[in-house]
Amino acid sequence: MRAEGQAHIDRIEKALALVRKSLDWDRALRRFDELNARVEDPTLWDKPKEAEAVMRERRRLEASIGAVNGITAEMNDAVEFVELGEMESDDETIAEGLSTLAALAERADRDKVQALLSGEADANDTYLEVHAGAGGTESQDWAEMLQRMYTRWAERKGYKVELVEYHSGEAAGIKSCTLLIKGENAYGWAKTESGVHRLVRISPYDSSARRHTSFSSVWVYPVIDDTFEIDINPADLKIDTYRASGAGGQHVNTTDSAVRITHQPSGIVVASQIDRSQHKNREIALGMLKSRLFEEEMRKREEAASAEHASKSDIGWGHQIRSYVLQPYQQVKDLRTGVVSTAPDDVLDGELDPFMAAALSQRVTGEKVEVEDVD
């Protein structure tokens, strides 16, 4: 096999190995057989919600298992095709086989990411919070840039975005906001973005045109429904109402319709000002709280919990997951995976999939990368 062909094969096999590991291959095959047996049970639809959950899980496993088996079979056929061409010195046959392997490598990488989105809540909609760090206007402007970045990312993927909560900055930008992103696998894609994000640039607010470093944090958690049982003691809740501020029209500034709920045992705070009704905002905030508590429990169960803890640390030096440098050069570097982009304008316009895909892969492999931060 020529070096070019072997490189394609190695890339395909690496992607498939990651998929098998993420699925726990033998367990996935057993589980798929169990789900097929349940689907054949005529009493399954006596409980529609349970049946829908079974069907969703079955579809995801069927797609992942089918993709691995299909790519493996096509790769073996293409290898035989190339070897036949080499035996007969047929350059046209060899070229066709290598072209097939190259296309399969691209497909394997795409399917790999889809297979990595197989967590308990990965298919769900997601909440994404942005909070400005210390630094006043600089950090608040950076927080608003992040809000726009994630909104653009979601729109690129065809997701719907709603602004649930919004606090304006004193002079510019925002102190915080919460986005509700709706779409298939929204949480699965976005979940690796939790952490501190660092910006280096010439400040537009500095008359001396000096470089400034700003920090903002992102926190991501899934939207959950009644199929996830989360018990909350009403006595543990502190509920406040306040006047909404920011991008909400006149009404939000004239009534105490916004609701903030503090879960006192955990210290988790959620808020909603998306609706004109205080009752509706309370309902939305309770749903957000359940989602946060569920995410907290999932985080505790993950082997990578220590990495997740960093995202709840101080919003400043030593805790960032990604650095965005706009001056004196152009670079965005992920400090967990080492993925780099030299087109920060594209990243800030929502080109985030390469960073997310690498972080998803790292969660499966557990591979640590030594990455030096950028100045």
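Everything that follows concerns the structure shown earlier in this document.
Attention here is on the structure that accompanies the text. In this text, all values refer to a predicted model and were calculated from it rather than measured experimentally. Sequence order as written defines the numbering, with residues in each chain counted from 1. Residue-level local features of this predicted model are given only where pLDDT is at least 70; pairs of side-chain atoms are given and counted only at 80 or more, and the full residue set underlies all totals for whole chains, interfaces and linings. To get the side-chain values, all heavy atoms of the structure are used, and hydrogens and water are removed first.

Here, a strand pair is defined by DSSP locating no fewer than two bridges between the strands. Each helix is a run of H or I in the DSSP string that is no shorter than four residues. Each strand is a run of E no shorter than two, and both are numbered from the N terminus. Ordered by their spatial adjacency, eight strands build an open sheet running β2-β3-β1-β5-β4-β9-β10-β11, and the pairing between neighbours is mixed. If you trace the sheet from one side to the other, it starts and ends with β2 (160-168) and β11 (340-341), each paired once. Bridge count for strand β4 (residues 195-202) against strand β9 (residues 320-325) is five bridges, and the pairing is parallel. Residue pairing across strands places Val 196 opposite Gln 320, the latter belonging to β9. Whether two residues are in contact is decided by their heavy atoms: any pair within 4.5 Å suffices. What counts as an axis is a line fitted to C-alpha atoms, over the stretch in contact for a helix, and the angles between N-to-C directions run from 0 to 180 degrees. Along the sheet, helix α5 (residues 137-156) makes contact with β1 (126-132), β2, β3 (174-182), β4, β5 (211-222) and β9, crossing β5 at roughly 45°.

This part is about the packing of aromatic side chains. Each pair of aromatic rings taken from Phe, Tyr and Trp, with Trp reduced to its six-membered ring, is defined by centres within 6.5 Å and is described as stacked if the planes are under 30 degrees apart, edge-to-face if over 60, and tilted in the remaining cases. Applying the stated criterion to the full structure yields three aromatic pairs. For the pair Tyr 127 and Tyr 221, a centre-to-centre distance of 5.3 Å together with 35° between the ring planes defines the contact as tilted. Here Tyr 221 lies in strand β5 and Tyr 127 lies in strand β1, a separation of 94 residues in the sequence. As far as the burial class goes, Tyr 127 and Tyr 221 line up, both buried. The interplanar angle of 75° and the centroid separation of 5.8 Å between the aromatic rings of Trp 153 and Tyr 159 together place this pair among those described as edge-to-face. Each residue is assigned to one of three classes by its accessible area relative to the maximum for its type, calculated with a 1.4 Å probe on protein chains only: buried under 20%, partly exposed between the two thresholds, exposed over 50%.

This paragraph deals with the pairing of β5. Burial within β5 is extensive, with nine of its twelve residues counted as buried. In terms of strand pairing, β1 meets β5 through seven bridges, oriented antiparallel. Bridging across to β5, Glu 129 finds its partner in Trp 219.

Okay, the environment of Tyr 159 next. You can see Tyr 159 is positioned in the loop between α5 and β2. Residues contacting Tyr 159, with those up to four places away along its chain left out, are Trp 153, Ala 154, Ile 181, Lys 182, Gly 183, Glu 184, Asn 185, Ala 186 and Trp 189. A distance of 2.6 Å separates a polar atom in the side chain of Tyr 159 from the backbone oxygen of Glu 184. Polar contact is the term for a pair of N or O atoms within 3.5 Å; when the atoms are in protein, one must be able to donate a hydrogen and the other to accept it, and sequence-neighboring residues count only if both atoms are side-chain atoms.

Our next topic: the environment of Ser 272. Here Ser 272 lies in strand β8 (residues 268-272). Counting along the chain gives 95 residues from Ser 272 to Cys 177, while the straight-line C-alpha distance between them is 9.8 Å. Other than its neighbours up to four places away in sequence, Ser 272 contacts Val 164, Ala 258, Val 259, Asn 281, Ile 284 and Ala 285. In terms of polar contacts, Ser 272 uses its side chain to reach the side chain of Asn 281, at 2.9 Å.

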